[in-house]
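This is what each chain is made of:
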Amino acid sequence: MSAGTDTSATLIRMANQIAQGLAREADPAAAAAEHIRLYWEPRMIKALLATGGAGLSPIAQEAYGRLAGA
Amino acid sequence: MTYQPQADFGTPESRSTEQVTLTIDGRPVTVPAGTSVMRAAAEIECSIPKLCATDSLESFGSCRLCLVEIDGRRGTPASCTTPVEPGMVVHTQTPHLQKLRKGVMELYISDHPLDCLTCAANGDCELQDQAGAVGLREVRYPVEATHLGQAKDQSNPYFDFDPSKCIACSRCIRACDEVQGTLALTMQGRGFDSKISAGLASDNFLGSECVSCGACVQACPTATLVERSVAEIGTPDRAVVTTCAYCGVGCTFRAEMRGEQLVRMVPWKDGKANHGHSCVKGRFAWGYAQHAERITEPMIRDSIDQPWRVVSWDEALGFAATKLNAIKARYGATALGGITSSRCTNEETFLVQKLVRAGFGSNNVDTCARVCHSPTGYGLNKTFGTSAGTQDFDSVDESDVILVIGANPTDAHPVFGSHMKRRLRGIDGRPPAKLIVIDPRRIDLVRSPHIEADHHLALRPGTNVAVLTAMAHVIVTEGLADEAFIRERCDWDEYQHWAEFVSLPTNSPEHLAAVTQVPAETLRAAARLYATGGNAAIYYGLGVTEHSQGSSTVIAIANLAMATGNIGRRGVGVNPLRGQNNVQGSCDMGSFPHELSGYRHISNASVRALFEQDWGVELPPEPGLRIPNMLDAAVEGTFRGLYVQGEDILQSDPNIQHVAAGLAAMDCVIVHDLFLNETANYAHVFLPGSSFLEKDGTFTNAERRIQLVRKVMTPLNGMADWEVTQALANAMGLGWTYTHPSEIMDEIARLTPTFAGVSFDRLDKEGSLQWPVNEAHPDGSPIMHVDGFVRGKGRFVVTDYIPTEEKTGPRFPLLLTTGRILSQYNVGAQTRRTENSLWHGEDQLEIHPADAEDRGIRTGDWVKLSSRAGETTLRALVTDRVAPGVVYTTFHHPDTQANVVTTDYSDWATNCPEYKVTAVQVGASNGPTDWQRDYDEQARRSRRIAPVEAEAAE
């Protein structure tokens, strides 16, 4: 899955949705990053990281950073 | 063994714990207090003659045949209406009784045709049996006025009604009333003119309110109501108990057979899910299993524009294995995946995910629960610690308040719907349970005979979380929460955090009414009733899960149950009504890409090690792709081979054009099914499947009840589905050696702690088991979280209402929501191939009169339904069942293609598609859309099968 396709838009949307769904957790970004690690297949995470993160909400952006740093 | 109907004790079992001893015909018998003399006699195999009594119905006392003599009592009381008393001395056979019974029977027979030899009930007729039992040898009455020679009503496709054979015992009417709860049948006229009517005098059985559940046919003691299959084939000669393959209720039936021919399915009285009841699907709609369109030979083709070529099993499996191995060699294991079926057995599902994980070498396995109850798994796991409903079905008998949200039990789970209706009508002698319905549409439960919902919250589609949060607001701010329960059983700090959130003024019913369209006072009253009305149980369905906030809604439901202490005992709980017969089982069996059987995450090294040791392979530790992501990856070229067992993703998954594009991009699509389904239009290998009548295995129903499926006939395709999967695995070189599904269950039990105590032997002996069955719960678990939550402390999770991104606007001003109807089942692959289509031949669009008038639409008009995703056409039904602004349709027919219109928005946590909310416009139409025409053409071309060459066929 490469950046710049419809799929990357889907992944950005999914990441934003997850961040929003977990926004009330004690550490929303950590929860979102953990959720993505638990449920996303590695190539989806790779494709998300390849997008550069444009279009991510602040929480999702922070989760993105944690995934990238992992 | 010759055919024996199930024993009939005449009157229902008493649940009293007090025991009473009496004497019947000189023999002592001890039975629970409240038992009838008739039933007590039956317990010692003394069969008192009877006609109007049967143990599925309350005693009626009308036939005057079951008379007995009791010492110290005058006259001859009816044994069916006389309860036992301590020390009672009963005589069931005396010269006086014999004379009375013979006289009564003589009257019955004087008005009954004597065509026993050619009668459909010959050999299985209670009237015939009782005439024999009372020693009737002659009928002295002259043949004058009788009821003979009346026309039969053959309007129902599955059973005939012959009024000439009716003895007016009212068993059919009482079954319709007490068992089914439809109250369609009635006794028309009085005295000699009494006649059973299907409804109004002008109604026949097809046109009346009758739902064709078969309860009346089962109750009829003569051939007045008899299955047409019995009339055509003859009486069965053996019966095998098995489990229905339709919905998640999991009714058990006696498959009554003659040789390998199925004569009829009769609901099994000892079935713990259905207690002898059935619906039109399970009881009658099994003809698809022998339908002419069933494919029984394997087929292959190199590309989907070619016609199918019928080949041998060896060639088909070799072809498939070569393709899969080639993809794996070139693109890696992650390019392969599989989809397990919620229609198949636990053992078959387990094998498919094992093939994917151990054979293909990826975790790319998913199941149709992705599109239905995946949010249930997520939500209940987060809050309670396990992904399943908390109660057994019988628990509803002890409910005082029933809250139904996003479910339509009388259509989608009809046998449980009838059970629930008995509680709602209070016919068990207790005050009726109160009812709250939260649904955008006025489902039948809201108002049906003798039932009226106390509150119907007709919310705007997509606002479930707002409604439930507002209910929580009322419960917390009005001090109705059960703090003692919460302190003992839940995390108090998390509760306080949650309580603070729901108490915010922005979560009040008044504030949220603008969003939900539910009047604040109605919502407040419903919340108060749920919190304070006694045992309160929540039942929910896909109207909860199939939303962008599906998982949040499940969590919100769990929060409400915990906050009010409605968890951990009978009569309460959180009950997902599962759609498919084995959707619970397929989830339990490790069908999701992120977890192994028993809901254990794939990243858990010790769990993985258990499987690795047993299977002798290394398992990838990362989750695999979900169905929509498989399709995305296929379009991008990194996912190239898919094995689909018993699932029609092209019809059942959202955004058909995207599914079609994904399938079309793959190198090898293997469809394993009974029919050339819609997905098979894009397949390269077709492996014929077997029906539930043709295999052994187990299904797990919505109450976690594991029940045996028993093979009653040889598979038409030659192999049960588990054998086909094993053959494919072996063609890929895996060397599997299962000889019976029981060995697969042994493997499941070995590897899955919640199934540790399950085996075919035990299921055979005990009838069913509800998981967890293990050291802590050796006899299974009808109710969960009794002493504590599976996860320890129950967890409150804050659920913010987040509106869906799917918005109405000037172009798409209406909201479409979808659902099911009683007579059809899901994508209709089975039921459309039965006479059930007489009730529902096409999907219709329900539209409110105001919206219809604005658009000049009348009932029966063709209308175009368009959304941002696509458009389709279907006929309109103008009705105020739906609110203004909301339209509704079913998705049972492929030519309608409701999923052309639904979007690819999905649940935030699980990607369960948002089927229940689509912004649409409706307008007049002249006929099918271009998409429908193109689709038909593609499907027609794709289904071509090349003429069979002599050597190609086995």
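Values in this document were obtained by computation on a predicted structure and should not be read as measured data.

(A) Region of interest: the environment of His 373 of chain B. Residue and element names in this part refer to chain B. Within the secondary structure, His 373 is located in the loop between strand E15 (365-367) and helix H10 (374-383). For the pair His 373 and Glu 546, spaced 173 residues apart in sequence, the C-alpha to C-alpha distance is 7.9 Å. Excluding residues that lie within four positions of it along the chain, His 373 makes contacts with Tyr 540, Gly 541, Leu 542, Thr 545, Pro 576, Leu 577, Arg 578 and Gly 579.

(B) Summary view of empty space enclosed by the protein. All names here are of chain B. Counted according to the given criterion, the structure contains 11 cavities of 30 Å³ or more. For the largest cavity, the calculated volume is near 640 Å³. Lining the largest cavity are 39 residues, and of these Arg 343, Gln 580, Gly 646, Asn 826 and Val 827 sit closest to its centre. By residue class, the composition of the lining of the largest cavity is 15 nonpolar, 16 polar and 8 charged. By volume, the second largest cavity amounts to about 370 Å³. Every residue lining the second largest cavity is counted, 29 residues in all, and those nearest its centre are Gly 406, Gly 543, Thr 818, Gly 819 and Lys 916. Those elements that place two or more of their residues in the lining of the second largest cavity are helix H18 (542-545) and strand E31 (814-819). Take the lining of the second largest cavity: its biggest share by element is 3 residues, from E31. Grouping the amino acids of the lining of the second largest cavity by side-chain chemistry returns 11 nonpolar, 12 polar and 6 charged.

(C) The side chain of Ser 362 of chain B, seen in detail. Residues and elements named next belong to chain B. Looking at where Ser 362 falls in the secondary structure, it is placed in the loop between helix H9 (346-360) and E15. Among the residues examined, Ser 362 registers a relative accessible area of 2% and is labelled buried. In this structure the side chain of Ser 362 is engaged in a polar contact, spanning 3.2 Å, whose partner is the backbone nitrogen of Asn 364. If sequence neighbours within four positions are ignored, Ser 362 has contacts with Ala 333, Thr 334, Leu 336, Val 356, Arg 357 and Pro 620.

(D) Structural detail: the pattern of salt bridges. Residue and element names in this part refer to chain B. Using the criterion set out here, one finds 59 salt bridges over all chains in the structure. Here Lys 354 and Glu 747 are joined by a salt bridge, their closest N and O atoms 3.0 Å apart. On the criterion of sequence distance, the pair formed by Lys 354 in helix H9 and Glu 747 in helix H26 (residues 741-751) is long-range, its members being 393 residues apart. This pair shows no difference in class: Lys 354 is buried, exactly as Glu 747 is. The closest approach of N and O atoms between Arg 447 and Glu 452, which form a salt bridge, is 3.2 Å. The same class applies to Arg 447 and to Glu 452, which are both exposed. Among the charged side chains, a network of salt bridges with common partners joins Asp 124, Glu 227, Arg 254, Glu 256, Arg 264 and Arg 283.

(E) Quick look at the layout of surface pockets. All names here are of chain B. Computed from the structure, the second largest pocket encloses a volume of approximately 880 Å³. Lining the second largest pocket are 35 residues, with Val 211, Asp 411, Asp 444, Ile 821 and Leu 822 positioned closest to its centre. Mapped by element, the contributors of at least two residues to the lining of the second largest pocket are helix H11 (409-412), helix H12 (414-425), strand E32 (844-847) and strand E35 (886-890). The element best represented in the lining of the second largest pocket is H12, accounting for 3 residues.

(F) Region of the structure containing helix H1 (residues 6-21) of chain A. Here H1 of chain A spans 22 Å end to end across 16 residues, near enough to the 22 Å set by a 1.5 Å rise per residue. Among the residues of H1 of chain A, those classed as buried are Thr 7, Ser 8, Leu 11, Ile 12, Met 14, Ala 15, Asn 16, Gln 17, Ile 18 and Ala 19 of chain A. Against helix H2 (28-39), helix H3 (42-50) and helix H4 (58-69) of chain A together with helix H22 (627-636) of chain B lie the buried residues of H1 of chain A.

(G) Structural context of the interface of chain A and chain B. Residue-level contacts link 23 residues of chain A with 34 residues of chain B. Counting the surface lost from both chain A and chain B, the interface buries some 2400 Å², and carbon and sulfur atoms represent 51% of this. Joining chain A to chain B, the criterion identifies 3 salt bridges. Between Glu 25 of chain A and Arg 795 of chain B there is a salt bridge, and its shortest N-O distance comes to 3.1 Å.

(H) Molecular detail of the packing of H9 of chain B against H26 of chain B. Residues and elements named next belong to chain B. For the pair H9 and H26, the least separation of the axes is 9 Å and the interaxial angle reads 70°. By the angle class used here, H9 and H26 are roughly perpendicular. Between H9 and H26 the crossing geometry is left-handed. For the pair H9 and H26, contact is made by Asn 346, Glu 347, Phe 350, Leu 351 and Lys 354 and by Pro 741, Ile 744, Met 745, Glu 747, Ile 748 and Leu 751, respectively. Along the lines of polarity and charge, the residues of the contact of H9 with H26 split into 7 nonpolar, 1 polar and 3 charged.

(I) Representation of the sheet that holds strand E26 (residues 668-673) of chain B. All names here are of chain B. Spatially, E13-E12-E27-E26-E25-E14-E15 is the arrangement adopted by the 7 strands of the open sheet, whose pairing is mixed. The sheet terminates laterally at strand E13 (309-310) and E15, the two strands that pair on one side only. Taken together, the 2 bridges between strand E12 (residues 299-300) and strand E27 (residues 685-688) define a ladder with antiparallel strand orientation. Counterpart to Ile 300 in the pairing with E27 is Val 685. Across the sheet, H9 is in contact with strand E14 (336-340), E15 and strand E25 (641-645); its angle to E14 comes to roughly 170°. Across the sheet, H22 is in contact with E14, E15 and E25; its angle to E15 comes to roughly 125°.

(J) Main features of the pairing of strand E33 (residues 862-867) of chain B. All names here are of chain B. Of the strand pairs in this sheet, E33 and strand E34 (residues 871-878) are connected by 5 bridges, and their pairing is antiparallel. Residue pairing in the sheet places Val 863 in a bridge with Leu 874 of E34. Between the antiparallel neighbours E33 and E34 lie 3 residues. As defined by bridge partners, E33 adjoins strand E36 (residues 918-924) across 5 bridges and the pair is classed as antiparallel. Bridging from a neighbouring strand, Leu 865 pairs with Val 922 of E36.

(K) How the structure looks around the packing of aromatic side chains. Residues and elements named next belong to chain B. Taken as a whole and assessed by the stated rule, the structure comprises 22 aromatic pairs over all chains. Considering the side-chain rings of Tyr 158 and Phe 284, the 5.0 Å spacing of their centres and the 5° angle between planes classify their relative orientation as stacked. With Tyr 158 in the loop between helix H3 (126-133) and strand E5 (159-161) and Phe 284 in helix H7 (residues 280-284), this pair connects stretches of sequence that are 126 residues apart. Per residue, the accessibility class of Tyr 158 equals that of Phe 284, and both read buried. Positioned above the aromatic ring of Phe 789 is the side chain of Arg 489, whose terminal nitrogen or guanidinium carbon lies 4.9 Å from the ring centre.

(L) Looking closely at the environment of Ser 197 of chain B. Residue and element names in this part refer to chain B. By the element assignment, Ser 197 lies in strand E7 (residues 195-197). Judged by its relative accessible area of 4%, Ser 197 is buried. C-alpha of Ser 197 to C-alpha of Leu 185: the two residues are 12 residues apart in sequence and 5.7 Å apart in space. Once residues within four sequence positions are removed from consideration, Ser 197 is found in contact with Ala 184, Leu 185, Thr 186 and Gln 188. A polar contact is formed between the side chain of Ser 197 and the backbone oxygen of Leu 200, at a distance of 3.3 Å.

(M) Broad picture of the sheet that holds strand E20 (residues 455-457) of chain B. Residues and elements named next belong to chain B. Strand order in the open sheet made by the 5 strands is E20-E17-E16-E21-E22, with parallel pairing throughout. For this open sheet the edge positions go to E20 and strand E22 (573-576), each flanked by a neighbour on one side alone. Looking at each pair of strands side by side, their axes are set apart by 15° on average, direction ignored. The pairing of strand E16 (residues 401-405) with strand E21 (residues 536-540) spans 5 bridges and is classified as parallel. Its bridge partner lying in E21, Val 401 is registered against Ala 536.

(N) A look at the confidence of the model for chain A. Residues of chain A with pLDDT of at least 70 account for 91%, and the chain-wide mean is 90. Ranking the elements of chain A by mean pLDDT puts H1 of chain A last with 92 and H2 of chain A first with 96.

(O) Looking closely at the side chain of Glu 41 of chain A. Structurally, Glu 41 of chain A can be placed in the loop between H2 and H3. On the basis of relative accessibility, which here comes to 3%, the residue Glu 41 of chain A falls in the buried class. For Glu 41 of chain A, the side chain forms a polar contact with the side chain of Arg 43 of chain A, separated by 2.9 Å. Residues contacting Glu 41 of chain A, with those up to four places away along its chain left out, are Thr 334, Asn 364, Pro 623, Gly 624 and Leu 625 of chain B.

Reading guide: rules and limits
Residues numbered from 1 in each chain as written. Chains lettered and ligands numbered in written order. Predicted model: local features only at pLDDT ≥ 70, side-chain atom pairs only at ≥ 80, totals over all residues. Heavy atoms only, no water. Helix = DSSP H or I, 4+ residues; strand = E, 2+ residues; numbered from the N terminus. Contact = heavy atoms within 4.5 Å. 1 Å grid on protein atoms, 1.4 Å probe; cavity = no way out; pocket = protein on both sides within 12 Å on 5 of 7 lines; lining within 4 Å. Points joined across faces, edges and corners; volume = space filled by probe spheres on them. Nonpolar A, V, L, I, M, F, W, Y, C, P; charged D, E, K, R; others polar. Buried < 20%, exposed > 50% of the residue type's maximum accessible area, 1.4 Å probe, protein only. Polar contact = N/O pair within 3.5 Å; in protein donor to acceptor, adjacent residues only side chain to side chain. Salt bridge = Lys/Arg side-chain N within 4 Å of Asp/Glu carboxyl O. Expected span 1.5 Å × (residues − 1). Buried area = accessible area lost by both parts, 1.4 Å probe. Axes fitted to C-alpha atoms, helices over the stretch in contact; angles between N-to-C directions. Parallel < 35°, antiparallel > 145°, perpendicular 65-115°, else oblique. Left-handed = near helix turned anticlockwise from the far one by under 90°. Pairing = 2+ DSSP bridges. Phe/Tyr/Trp six-rings, centres within 6.5 Å; stacked < 30°, edge-to-face > 60°. Lys NZ or Arg CZ within 6 Å of the ring centre and 35° of its normal. pLDDT = per-residue confidence, 0-100.

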